[in-house]
Amino acid sequence: MTAVAAYAAPAAKAPLERTTIARRPVGPHDVLIEIKYSGICHSDIHQVKEEWGESLFPMVPGHEIAGVVTAVGDQVTKHKVGDRVGVGCFVDSCGECDNCKAGMEQFCLTGATATYPVDPNGDHMYGGYSTHIVVTENFALKIPEGVALDVAAPLLCAGITLYSPLKRWGAGPGKKVAVVGLGGLGHMGVKIAAALGAEVTVLSQSLRKQEDGLRLGAEAFYATSDPATFEELAGSFDLIVSTVSANFDLNAILGLVKTGGVFVNVGAPADPLPVHLFSLIDGNKTLAGSMIGGIAETQEMLDFCAEHGLGADIELIDADRINEAYDRVLAGDVRYRFVIDAATI
Ligand code: NAP
Ligand code: ZN
């Protein structure tokens, strides 16, 4: 075991503070990664606040990890010392079940091992707000040259969470796509959907971020606080992806889906949302969900981002500003992802 520096929430809802955690020794199939940057996902905040149910503390959040390999086990073939790598929301899976074989390791039937806070055996896992991490080589992704590590970190969750449903549901030329919520996930959704060739609209609570939305690649920007938006855009979109982190009027948004179109939800608010089923049956609409993406698809997304010159728009912070960053995410004051400089941990 090696002691490394980290930031942890000592208890549910408590502010994060500097601490020391143990990382396992580098096994034959493991890589040791010196973490350079770690993104702050709204999921980190949901979990520190125990909004998704009881959890395990002290909690070291962080599943948007970018760094450099500094040691490899003697059986490792995929990475070598000096490689630029990323780690996302999970760090192991059985590799043998139908879902793993189908490239959906996040849905491993024996339980994928989350990056944090706990593995399927109940053992404590520590995430990316730290200086080093040890992971099985197959769960470290290659960050292509051409994408800087700081703007690459958020791709490991925000990037793949939008890339996967946009690809699956056919975002591309001739398709009208709306992204609901212009935060960390949403801004990557706009960039990726535009790069895929779709005509992109942002649906935000207000017009405050309109200029940014258009700069990121959207062709139109509407406020969901304005009732006129729902009249003007009724039945407009082939595909709508919602990244909203709180409860919202799902039935109103479903009214904006074209006949035969699709609404995909990726936001994860704690409380249930009422759906009026007539919102779906009237228009043969599909209501879908999506959770991150598998390892091969995450690599495909990273390569796609490199090819299209995409990274996240970030605000780089020192680790002693994590709590302030959480408050600012909750206040909607982020453009568009806080990333921790791990050298300051
Ligand atoms: P974020 O940066 O805080 O963005 C969320 C956006 O939602 C905000 O920027 C805001 O956009 C909108 N929003 C917030 N409160 C709202 C409200 N009361 N009504 C309407 N819109 C509201 O968060 P994030 O990191 O992108 O994460 C978004 C959600 O996705 C979180 O719930 C997170 O846990 C979840 N998530 C899911 C997955 C998955 O695999 N499915 C992966 C990662 C994260 P505007 O200001 O533009 O309105
Ligand atoms: Zn995340």
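Our subject is the structure listed above.
> Is there a simple way to think about the coordination of the zinc ion (ligand 2) in this case?
By definition of the ideal shapes, a tetrahedral metal site with four donors has angles of 109.5 degrees and an octahedral site with six donors has angles of 90 or 180 degrees. Protein-derived ligands of the zinc ion (ligand 2) are Cys 41 (SG), His 63 (NE2) and Cys 157 (SG), with the metal-ligand distances lying across 2.0 to 2.2 Å. Donor residues binding the zinc ion (ligand 2) come from one chain and are separated in sequence as C-x21-H-x93-C. Placement of Cys 41 in the loop between strand E3 (30-39) and helix H1 (42-48) and of Cys 157 in the loop between helix H3 (149-152) and helix H4 (158-168) is noted, with a sequence separation of 116 residues between them. Pair check on accessibility: Cys 41 and Cys 157 agree, each one buried.

> Teacher, can you tell me more about the environment of Gly 332 here?
When you line up the elements, Gly 332 lands in the loop between helix H11 (322-330) and strand E17 (337-341). Owing to a relative accessible area of 22%, Gly 332 belongs among the partly exposed residues under this scheme. On a C-alpha basis, the gap between Gly 332 and Asp 303 in space is 30 Å, while along the polypeptide they are 29 residues apart.

> I keep staring at the environment of Gly 73 and nothing clicks. Help me out?
Here Gly 73 lies in the loop between strand E4 (65-72) and strand E5 (84-87). We classify Gly 73 as buried; its relative accessible area is 9%. Residues Gly 73 and Ala 158, 85 residues apart in the sequence, show an inter-C-alpha distance of 29 Å. Not counting residues within four places of it along the chain, the set of residues in contact with Gly 73 comprises Val 26, Gly 27, Pro 28 and Asp 30.

> What's the story with the sheet that holds strand E14 (residues 257-265) in this structure? I'm lost.
Two strands in a sheet stick together by hydrogen bonds in their backbones, pointing the same way (parallel) or opposite ways (antiparallel). With parallel pairing, six strands are arranged side by side in an open sheet as E12-E11-E10-E13-E14-E15. Both outer strands of the open sheet, strand E12 (220-223) and strand E15 (286-289), are each paired with one neighbouring strand and no more. Going across the sheet, the axis of each strand differs from the next one's by a mean of 20°, ignoring polarity.

> Please clarify how the packing of aromatic side chains should be interpreted in this entry.
One pass over the structure, following the stated rule, counts three aromatic pairs. A centroid spacing of 6.0 Å and a plane angle of 75° characterise the contact between Phe 90 and Phe 139, whose relative ring orientation is edge-to-face. You can see Phe 90 sitting in strand E6 (residues 90-92) and its partner Phe 139 sitting in the loop between strand E8 (132-136) and strand E9 (141-142), a full 49 residues away along the chain. Owing to a relative accessible area of 6%, Phe 90 belongs among the buried residues under this scheme. Each ring, one from Phe 248 and one from Phe 263, has its centre 6.5 Å from the other, and the planes form 40°; the classification is tilted. Here Phe 248 is found in the loop between strand E13 (237-242) and helix H8 (250-254), whereas its partner Phe 263 is found in strand E14, with 15 residues between them in sequence. For the pair formed by Phe 248 and Phe 263, the shared burial category is buried.

> Please explain helix H5 (residues 184-195) as it appears in this structure.
Along an α-helix, a turn takes 3.6 residues, which lines up residues three or four apart on a common side. For H5, which comprises 12 residues, the first-to-last C-alpha distance of 17 Å matches the rise-based estimate of 16 Å (1.5 Å per residue) to within 8%. Of all 12 residues that make up H5, 10 are buried, and the element is covered over most of its length. Close packing links the buried residues of H5 with H4, strand E10 (176-180), strand E11 (199-204), helix H6 (210-216), helix H10 (295-307) and E17. One or two residues past the end of H5 sits Gly 197, with phi positive at roughly 100°.

Procedures and definitions
Residues numbered from 1 in each chain as written. Chains lettered and ligands numbered in written order. Predicted model: local features only at pLDDT ≥ 70, side-chain atom pairs only at ≥ 80, totals over all residues. Heavy atoms only, no water. Donors = N, O, S within 2.8 Å, 3.2 Å for Na, K, Ca; no water. Helix = DSSP H or I, 4+ residues; strand = E, 2+ residues; numbered from the N terminus. Buried < 20%, exposed > 50% of the residue type's maximum accessible area, 1.4 Å probe, protein only. Contact = heavy atoms within 4.5 Å. Pairing = 2+ DSSP bridges. Axes fitted to C-alpha atoms, helices over the stretch in contact; angles between N-to-C directions. Phe/Tyr/Trp six-rings, centres within 6.5 Å; stacked < 30°, edge-to-face > 60°. Expected span 1.5 Å × (residues − 1).

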